[in-house]
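Breakdown of the fold
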Amino acid sequence: MSGCEARDAKKLVRSPSGLRMVPEHRSARSPFGLDEPPWVPDKECPRCMQCDTKFDFITRKHHCRRCGKCFCDKCCSKKVPLPRMCFVDPVRQCAECALISQKETEFYDKQLKVLMNGATFFVTLGTSDKSELMVCRLSNNQRYLVLDGDSHYEIEIVQISTVQILTEGFTPGGGNTRAIGMILQYKVPGSEELTQMKFTASEDFSCNKKLSATWLAAMHKATKLLYESRDQ
Ligand SMILES: [Zn+2]
Ligand SMILES: [Zn+2]
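Residues numbered from 1 in each chain as written. Chains lettered and ligands numbered in written order. Predicted model: local features only at pLDDT ≥ 70, side-chain atom pairs only at ≥ 80, totals over all residues. Heavy atoms only, no water.

- By the naming in an unreviewed UniProt entry, the protein chain is Zinc finger FYVE domain-containing protein 21 isoform X3, taken from Apteryx mantelli.

Rendered as structure tokens:
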């Protein structure tokens with residue numbers, strides 16, 4: 001049995017920033033995860049890094065959990081969920097980071113579920129001229145794309161090197177474009193070469209096509225998080 005759907009054991013850890021629920025093994029962590037930043041040391045930070053107020057007994061300093069910089073209470077008062085760092089509760093963040101984390105909330109609340117529910121595509125492997133109708137979804141542990149049709153594939157997200165979303169209805173402002181497909185390039189373990197897989201939204205079922213477009217938009221966002229997690 002593959003590890004694709006295994007429920008990874010998790011443990012509760014306490015960091016200076018708060019409680020985190022993390023996988024027992026680092027290899028089981030989400031490909032969209034971020035490491036906690038190191039905190040700027042107190043002695044390097046006599047003033048708020050946003051409004052320049054000097055810290056003293058009354059004006060206390062706080063560290064933003066997302067960027068690790070020092071701020072006064074006024075500039076770092078928002079508590080926002082930060083699932084990418086596995087925090088159990090919302091955590092204190094500076095205004096800039098809070099905005100980014102709030103935008104990611106939509107990914108975690110909606111788009112991640114869209115990806116896990118799956119959508120139907122014609123899938124073409126490599127240079128083959130045959131395509132197969134398959135349901136494509138993200139595994140519950142966020143680490144695999146699982147494809148089911150007559151064949152079955154599991155692509156580990158960390159092995160994906162590029163994701164290209166194909167669109168139609170191009171306008172100069174990008175207004176009415178709709179995602180109609182995707183080209184994935186990924187490494188098969190044990191092989192050095194990249195394998196290519198093309199996904200095309202089904203033309204035959206109009207309702208599925210809309211679902212496929214929503215799924216592809218979610219995949220587009222997931223790709224941005226994935227690249228960001230790799231670059232950290
Ligand atoms: Zn401040
Ligand atoms: Zn911050």
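**Some remarks on the coordination of the zinc ion (ligand 1)**
- Surrounding the zinc ion (ligand 1) are the protein donor atoms Cys 48 (SG), Cys 51 (SG), Cys 72 (SG) and Cys 75 (SG), at 2.3 to 2.4 Å.
- For the zinc ion (ligand 1), the four donor atoms are set out with angles of 103 to 121° between them, so the coordination reads as tetrahedral.
- Each donor residue of the zinc ion (ligand 1) lies on the same chain, and together they follow the pattern C-x2-C-x20-C-x2-C. Pair noted here: Cys 48 is in the loop between β2 (18–23) and β3 (61–63) and Cys 75 is in the loop between β4 (70–72) and β5 (78–80), with a separation of 27 residues, a long-range link. As far as the burial class goes, Cys 48 and Cys 75 line up, both buried. (Donors = N, O, S within 2.8 Å, 3.2 Å for Na, K, Ca; no water. Tetrahedral: all angles 85-135°; square planar, octahedral: opposite > 155°, others 65-115°. Helix = DSSP H or I, 4+ residues; strand = E, 2+ residues; numbered from the N terminus. Buried < 20%, exposed > 50% of the residue type's maximum accessible area, 1.4 Å probe, protein only.)

**Here's the deal with the environment of Leu 115**
- Secondary-structure assignment places Leu 115 in helix α1 (residues 95–117).
- Judged by its relative accessible area of 1%, Leu 115 is buried.
- Sequence spacing of Leu 115 and Val 80 is 35 residues, and the spatial spacing of their C-alpha atoms is 23 Å.
- In this structure Leu 115 touches Phe 107, Arg 137, Leu 138, Trp 215, Ala 218, Met 219 and Ala 222, once residues within four positions along its chain are discounted. (Contact = heavy atoms within 4.5 Å.)

**Side note on the packing of aromatic side chains**
- In total, this model carries four aromatic pairs according to the counting rule given.
- Ring centres 5.7 Å apart and planes at 75° place the aromatic pair Phe 32 and Phe 107 in the edge-to-face group. Of the two residues, Phe 32 is situated in the loop between β2 and β3 and Phe 107 in helix α1; the sequence distance between them amounts to 75 residues.
- Measuring from centroid to centroid gives 5.8 Å for Phe 121 and Phe 199, while their planes differ by 85°, and the two rings are edge-to-face. (Phe/Tyr/Trp six-rings, centres within 6.5 Å; stacked < 30°, edge-to-face > 60°.)

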